[in-house]
Amino acid sequence: MAHYHGYPRQNEHNDGFGSLHEEEADYGLPFNNVRTMVVGVSKDVDRQKETAYIRTSPRIKRLPFGLTFLLDSGGYFPLGFIFFSWLYNSIFVPYIVLHPQYNDGNINIYAVIVYYFFSLFTFVSLFRATTADPGRVDFEGGPTPPYGANDWSLCQKCMVQRPIKSHHCSRCMRCIRKMDHHCPWINNCVGEDNHWLFLLLVFYAALLSIYTFILQILHFYYFPPCVSCDKSLFIHHNSRWFMYVVFVLAILLTIICVGQVYTQVINIATSRTTVESIIYAKIPPNRRPTLAKQTSFKNFKDVFGTSWVICWLNPFRRRQAKPMIFYPHQTV
């Protein structure tokens, strides 16, 4: 039988970031006067209206083929910046550096193929991480706690039972299973069903950015001037300025993506999410819950849905979901 381990219960948090809101206050306290009772009833009515509105999924746009898109204006610019950076580098780096140097015989075809490989896998990972269901808890016919489990919680906004590690996202206005964090760069939550795609995105984006940075350095300091280029064309005549923009974007994305890869690998290996890391940042180590006794490989297997490591790198496949919802009870 599962036991409560004494760590903060998830219905005490909004978005899992440790802030207690009055919408989730305990209404079991005795009323002191009629005015207090009226205020309590009014809040219950407001909560019911909010729940009814949330259950319409107002920010979730349904797309063909089971895809979804989050209608959140705060995520449009970050997502647009990531897409612009990918598109800009994927056009100008091959056109200014790779193709001319290949035509001049200074590099082989494999250097070009590797760049397009990283570019394609980055885009596929970005598209799928953005449009995938991160693991939203269904309002009807959703998960139910197994017999004897008392560490599930009732979301005070969605009014649904949710398993351990689930949190309510105020941007998505939905509860997300095993929520890691809400990422504005993909305009979506990172949860149980798209965490592996997010990890592939930052991994391939990091490789693409590093490769782009290396090509940038070679273009300015190692490769000879292009012989086959038509200098009368605007893009080749002003190639230096285009490559300056490439340099800035490559530096920014390398810093962001490498940092994310490091953070995600550490969190997955220790069976902890970004939300949990934020929650326990202010709690002394001796008061934090004991981590689940599970190997790092098993943790990565749970995220990617398969024990075949070679399949982890494939963003085109379908992740094998767990037959039942179960998380180690030693973690939040």
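No experiment lies behind these values; they were computed from the predicted model shown.

1. Description of the nonpolar core
Counting residues in each nonpolar core, the largest one holds 45 residues, and the members touching the most others are Ile96, Leu98, Tyr115, Ile186 and Phe304. Looking at this core, the elements with two or more residues in it are helix H2 (73-103), helix H3 (109-131), helix H4 (195-221), helix H6 (239-269) and helix H8 (296-304). With eleven residues, the top contributor of residues to this core is H4. If we skip the residues at most four places from it in the chain, Ile186 touches Leu79, Leu126, Ala129, Thr130, Asn194, Phe198 and Leu201. Counting eleven residues, the second largest nonpolar core, distinct from the first, contains Ile60, Cys169, Cys172 and Ile279.

2. A closer look at the state of the cysteines
One pass over the full model with this rule turns up one disulfide. Disulfide pairing is shown between Cys226 and Cys229; the S-S distance is 2.0 Å. Between Cys226 and Cys229, the disulfide has an S-S torsion of 95° and is therefore right-handed. The exposure classification of Cys226 matches that of Cys229, with both residues buried. Unpaired in this structure, Cys158 has its nearest cysteine sulfur neighbour in Cys175, at a distance of 3.8 Å. Cysteine Cys183 is unpaired, with the sulfur of Cys189 as its nearest cysteine sulfur at 9.5 Å.

3. Considerations on the packing of aromatic side chains
Any pair of aromatic rings gets described here by the distance separating the centres and the angle formed by the planes. Counted according to the given criterion, the structure contains 26 aromatic pairs. Ring geometry for Trp86 and Phe123: centres 4.8 Å apart, planes at 25°, overall stacked. With Trp86 in helix H2 and Phe123 in helix H3, the pair connects residues that are 37 residues apart, well separated along the chain. Owing to a relative accessible area of 16%, Trp86 belongs among the buried residues under this scheme. You can call Phe123 partly exposed: its relative accessible area is 29%.

Reading guide: rules and limits
Residues numbered from 1 in each chain as written. Predicted model: local features only at pLDDT ≥ 70, side-chain atom pairs only at ≥ 80, totals over all residues. Heavy atoms only, no water. Core = buried A, V, L, I, M, F, W, Y, C linked by side-chain atoms within 4.5 Å. Buried < 20%, exposed > 50% of the residue type's maximum accessible area, 1.4 Å probe, protein only. Helix = DSSP H or I, 4+ residues; strand = E, 2+ residues; numbered from the N terminus. Contact = heavy atoms within 4.5 Å. Disulfide = S-S within 2.5 Å. Phe/Tyr/Trp six-rings, centres within 6.5 Å; stacked < 30°, edge-to-face > 60°.

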